[in-house]
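Here's the letter readout for the chains.
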Amino acid sequence: MLPTVREVLRMEPVAVALPEVLTGRDRLDAPVRWVHVAETAEAARLGSGGELLLATGVGWPADAAALRRLGRVLVDAGVAGLVLELGPLMPSAPAALVQEFQAAGLPFVVLHREARFVAITEAVHSRIIAEQMVALRARDDIHALFTGLSLRGSPADFIVEQAARVLGSPVVLEDTGHRVIAASGLTASGVTASGVGAGGPVSGGANTSGEDELADWEQRSRAAHRSGASGWTIVPVEARGMRWGHLVALPGEPHPAGRSNVLEQAAVALALSRLSDRDDDEWTRRSHDALLAALIGRRFSGEGGVTARFEAAGFPLSGRLVAGVAVRLRSGTLPVSAAARAVEAARTAGADAVAGRHPEQPGTLVVAVSARPGRQLTDGLFASIADAVGSVRLDDPAAVVAVGSDARGITGLLSSLEEAVELAAGSAARADARLGRTPHIQRVQHRPLLRLVNALGSDPRLLEHTEQLLRPLIEYDLVTGGDLVEVLRAYLSHPGNRTRAAAASHLSRSVFYQRIALIEELLGMDLDDGETVAALHAAVLARGRAAT
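Computed from a predicted structure; not experimentally measured.

Novice: It is not clear to me how the sheet that holds strand E7 (residues 180-184) should be interpreted in this structure. Could you clarify?
Specialist: Note: strands within a sheet are paired through backbone hydrogen bonds, in either parallel or antiparallel orientation. Spatially, four strands are ordered E7-E6-E9-E8 in an open sheet, and the strand pairing comes out antiparallel. The open sheet terminates on both sides in strands that have one partner only, identified here as E7 and strand E8 (233-239). Adjacent strand axes in the sheet meet at a mean angle of 20° when their direction is disregarded. As paired elements, strand E6 (residues 171-175) and E7 share four bridges and run antiparallel to each other.

Structure below.
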C-alpha cells in the first residue's frame, strides 16, 4: 500500500522540519506514488500524477499571475501535494500559489525548519519500494494459492471461501441471472453455509447469516453492475468464450495484492473448476444441496439469515405459498440430473424450486417449491416433478411423491419438508407394490397422525412419550446393532399386513415374525391392540422427525 501524504509528514526527516498544512487537510490521505524535488513548472508538468513535490521556491516566478499559472500547472499535473521549505529566499508561502491549491483542495505544506530533501526522498522511496515488494510477494502468494486449488480440483464453494478469507470481507459467486451460487464471509449470526453447495456457502464454512449482505441480492447486484458505485469489486467468471457468472467482493480493507487481483485469481480457479465439472448443473446442484442440508439440519440461528440465503438463490419466500416434496424412485437410486429436472419441471408448472438429495437419505430427492403469485400448489405440479425425475431413466419411474403441508415462511417450509420426508419413507414400499407406472402422490393431509406429530414439533411431552415407549428397543439396538425400531416402523406402516411389512423390512416372513415377537417381549405390549399400535406409531413418527 502506498504511503499517504499524512504518513509522509509524520516521517522523521519531515517531522523535524516542523511541517504546517496550509490547505487540503481533507486530502492528506491521498496516496503518494513518488517524491521528488521540482522547483519549476516545467519539471512538475512532466510528472504522471500522484507525486509529492518538494521545493524551496528558488525557481519560482515573483509575480502573482505567474504563480497562479504555476499553481494551475501543478494541479493539472495531478500532484499529491506540494511541500515548501521556508527560508531567506522564501520566508512565507506565496498567497497566489496557496489560493490555487486551496481552490483545488490539494495539500500545500510549509516546513518551518531546514529539511534534508535527500533524507526525505530516501525514506519515502524506501517505503514505496518495500510496499511494492510486499505487493509482489502477495501476488505470488495469491497466484500460488488459487493455482494450487485449481490443481487439486477444489470445489467452487471452497474457492469462494478462500477468497473471502484472504480479503477479509464477504465474497459471493453469482450466476448470470444474479442468483447466488455460493457465499462466504457473511455476517456471523445465522445459517451455517458458505456456498455451493454460500456457502458458502451455503456447505461447510463458518457460522454465517448474510441477512444484510444478501437481502434483495438480485436488485442490488444488477444496480452495482450498472453503476459500479456500490464499492463492490466484481470480476467475471468465464473461459473459452463462455461466461458462467461473476465473483463479487463486498467492501472491505485493501489487500497488498489488490482486491481485484485476488478476485481475478479466484475467478480463474473457478473457471477451471467449472470446466472440469461433469455437467452444466454442477454448481447449482451443489448450491441447492447445501441450502437444503442447512435447513433440514437446522444449521441456522435466525430465520432472517436462512430466508435471505434462499431468496438470494432464486427461491422467493415473502408472501409465497410454499411446500416440501420428497421423491423416491423405485430403484432407490437418484440419477445425477434428477434435481435439475425437478427444478425445471416446477418452473414450467408455475413455481420456483430448490432441489437436492436429502443429506441423510441419498435415495430421497427433496424439493422445496414456492408458488408464484396467483398460482396454487396442485397435484399437477407434483406429478410434473415426478415425471421429470422419472424420465431420466424410463425403466425407473418415481415410486412415490410425498407432499408436506402448504405453509408460509422458512419455518413452515422446514416443517413441510420434514413431513414429506417422513411420509415418503412410509409410503414408498406401498407404492412399489402397486401395479402400473404412474407415481403415487401422497399428501400429508391423508396422514392425520403424521400431521399431529409434526404440529407438536419438539414438545417435551411428546419426546418423553417416545423415550418411555421405545427405550427398550433403542437400547437393544445400540447394544446388539439390531434393527428392532426399523422393523417396528415397517410393521406400523403396514397395519394388518405382516407379509408386506416383512417385505418392506427386507426380511423373510419367519425372521420378521421372530423380530415382532421379540419387540412384544421387550415392550411388554400386544401389537394387535389398536390403542397400543396408535401410541407406538406416534412415538416412531416423533423419533423419525427428531432424527431429521
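Novice: Any chance you could explain helix H11 (residues 282-296) here in plain terms?
Specialist: Side chains three or four residues apart in an α-helix point the same way, a direct result of the helix having 3.6 residues per turn. In this model H11 runs 21 Å from its N-terminal to its C-terminal C-alpha over 15 residues, within 8% of the 21 Å that 1.5 Å per residue would give. Burial of H11 is extensive: 12 of the 15 residues sit out of reach of the surface. Residues of H11 that are buried: Glu 282, Trp 283, Arg 285, Ser 287, His 288, Ala 290, Leu 291, Leu 292, Ala 293, Ala 294, Leu 295 and Ile 296.

Novice: Just checking my understanding: could you explain the environment of Gly 412 for this structure?
Specialist: Relative to the helices and strands, Gly 412 is located in helix H15 (residues 409-432). The buried category is assigned to Gly 412, whose relative accessible area is 16%. Through-space distance from the C-alpha of Gly 412 to that of Leu 321 is 9.6 Å; in sequence the pair is 91 residues apart.

Novice: Where do I start with the pattern of salt bridges in this structure?
Specialist: It is possible for side chains of opposite charge to pair when their charged atoms get near one another. On inspection of all chains with the given rule, the structure shows 17 salt bridges. Measuring nitrogen to oxygen at the nearest pair gives 3.2 Å for the salt bridge that ties Arg 489 to Glu 422. Of this pair, Arg 489 sits in helix H18 (residues 484-493) while Glu 422 sits in helix H15, and the two are 67 residues apart along the sequence. According to the relative accessible area criterion, Glu 422 is buried, its value standing at 11%. Ionic pairing is found between Arg 498 and Asp 528, a salt bridge with its closest N-O pair at 3.6 Å. With Arg 498 in helix H19 (residues 498-504) and Asp 528 in the loop between helix H20 (509-523) and helix H21 (530-547), this pair connects stretches of sequence that are 30 residues apart. Judged by relative accessible area, which is 59%, Asp 528 ranks as exposed. Among the ionic contacts, a cluster of salt bridges with common partners joins Glu 282, Arg 285 and Arg 286.

Novice: What should I look at first to understand helix H13 (residues 338-348) in this one?
Specialist: Among the residues making up H13, those that are buried are Ala 338, Ala 339, Ala 342, Val 343, Ala 345 and Ala 346. Here the buried residues of H13 occupy an arc of 165° about the axis, which is enough to place them on one side. Here the buried face of H13 lies against H11, strand E11 (351-357), strand E12 (364-371) and helix H14 (379-390). Among the residues trailing H13, Gly 350 stands out with phi positive, at a value near 95°.

Novice: I keep staring at empty space enclosed by the protein and nothing clicks. Help me out?
Specialist: Where empty space is left becomes clear once a probe the size of a water molecule has been rolled over the atoms. In this structure, the largest cavity encloses a volume near 50 Å³. Contributing to the lining of the largest cavity are Arg 285, Asp 289, Leu 334, Pro 335, Val 336, Ala 338, Ala 339, Gly 356, Arg 357 and Leu 365. For the lining of the largest cavity, the secondary structure elements donating two or more residues are H11, H13 and E11. A breakdown of the residues in the lining of the largest cavity according to their chemical character gives six nonpolar, one polar and three charged.

Novice: Please clarify how the layout of surface pockets should be interpreted in this entry.
Specialist: Put simply, the second largest pocket is a space of about 450 Å³. In terms of lining, the second largest pocket is formed by 23 residues, of which the most central are Asp 175, Arg 179, Asp 281, Thr 284 and Arg 347. Every element with two or more residues in the lining of the second largest pocket is listed here: E7, strand E9 (242-249), H11 and H13. By residue class, the composition of the lining of the second largest pocket is nine nonpolar, five polar and nine charged.

Novice: Would you explain the pairing of strand E5 (residues 108-111) in this entry?
Specialist: Strand residues, when the strand is regular, have side chains that alternate between the two faces of the sheet. Along E5, one buried face is formed by Phe 108 and Val 110 and the opposite face, lined by Val 109 and Leu 111, is buried too. Inspection of the sheet shows strand E1 (residues 19-23) paired to E5 by four bridges, in the antiparallel sense. Paired with Glu 20 across the strands is Val 110, a residue of E5. Inspection of the sheet shows strand E4 (residues 81-85) paired to E5 by four bridges, in the parallel sense. Each bridged residue has a counterpart across the sheet, and for Leu 84 the counterpart in E5 is Val 110. A crossover links E4 with its parallel partner E5, the connecting element being helix H5 (residues 95-104), and its sense is right-handed.

Novice: Would you take a moment to explain the environment of Ile 128 for this structure?
Specialist: Mapped onto the elements, Ile 128 comes out in helix H6 (residues 117-151). On the basis of relative accessible area, Ile 128 is assigned to the buried category, the value being 0%. Taking the C-alpha atoms as reference points, Ile 128 and Arg 33, separated by 95 residues in sequence, lie 7.5 Å from one another.

Novice: Where do I start with the sheet that holds E5 in this structure?
Specialist: Ordered by their spatial adjacency, five strands build an open sheet running E1-E5-E4-E3-E2, and the pairing between neighbours is mixed. Each edge of the open sheet carries a strand with a single partner, namely E1 and strand E2 (34-37). Adjacent strand axes in the sheet meet at a mean angle of 25°, parallel and antiparallel pairs treated alike. Here E2 pairs with strand E3 (residues 51-55) via four bridges, running parallel. Of the residues in E3, the one forming a bridge with Trp 34 is Glu 51. In the packing of H6 onto the sheet, the strands contacted are E2, E3, E4 and E5, and the crossing angle to E2 comes to about 160°.

Reading the values: rules and limits
For every chain, the first residue of the written sequence is number 1, and numbering continues from 1 onward in sequence order. Per-residue local features are limited, in this predicted model, to residues with pLDDT of at least 70; the limit for side-chain atom pairs, both in listing and counting, is 80 or more; totals at the level of whole chains, interfaces and linings are taken over all residues. Excluded from the side-chain calculations are hydrogens and water; all other atoms, namely the structure's heavy atoms, are used. Strand pairing is defined by DSSP finding a minimum of two bridges between the two strands. Runs of H or I in DSSP of at least four residues are treated as helices and runs of E of at least two as strands, each being numbered from the N terminus. To obtain each axis, a line is fitted to C-alpha atoms, and for helices this fit is confined to the stretch in contact; angles are then taken between N-to-C directions over 0 to 180 degrees. Expected helix span is computed as 1.5 Å times (number of residues minus one). For the exposure calls, accessible area comes from a 1.4 Å probe over protein chains only, and a residue counts as buried if that area is under 20% of its type's maximum, exposed if over 50%, partly exposed in between. Definition used for salt bridges: Asp or Glu carboxyl oxygen within 4 Å of a side-chain nitrogen of Lys or Arg. The directions considered for the arc run from the helix axis to the C-beta atoms. Any two residues whose heavy atoms approach within 4.5 Å are treated as being in contact. For each structure, a 1 Å grid was placed over the protein atoms alone; sets of points admitting a 1.4 Å probe that cannot get out are labelled cavities, open sets with protein on both sides within 12 Å along at least five of seven lines are labelled pockets, and lining residues have an atom within 4 Å of a point. Grid points are joined across faces, edges and corners, and a volume is the space filled by probe spheres set on the points. Under the grouping applied here, Gly and all other residues not named as nonpolar or charged are polar, the nonpolar ones being Ala, Val, Leu, Ile, Met, Phe, Trp, Tyr, Cys and Pro and the charged ones Asp, Glu, Lys and Arg. The crossover handedness rule: strands pointing away from the viewer, path from first strand over the helix to second strand clockwise, crossover right-handed.

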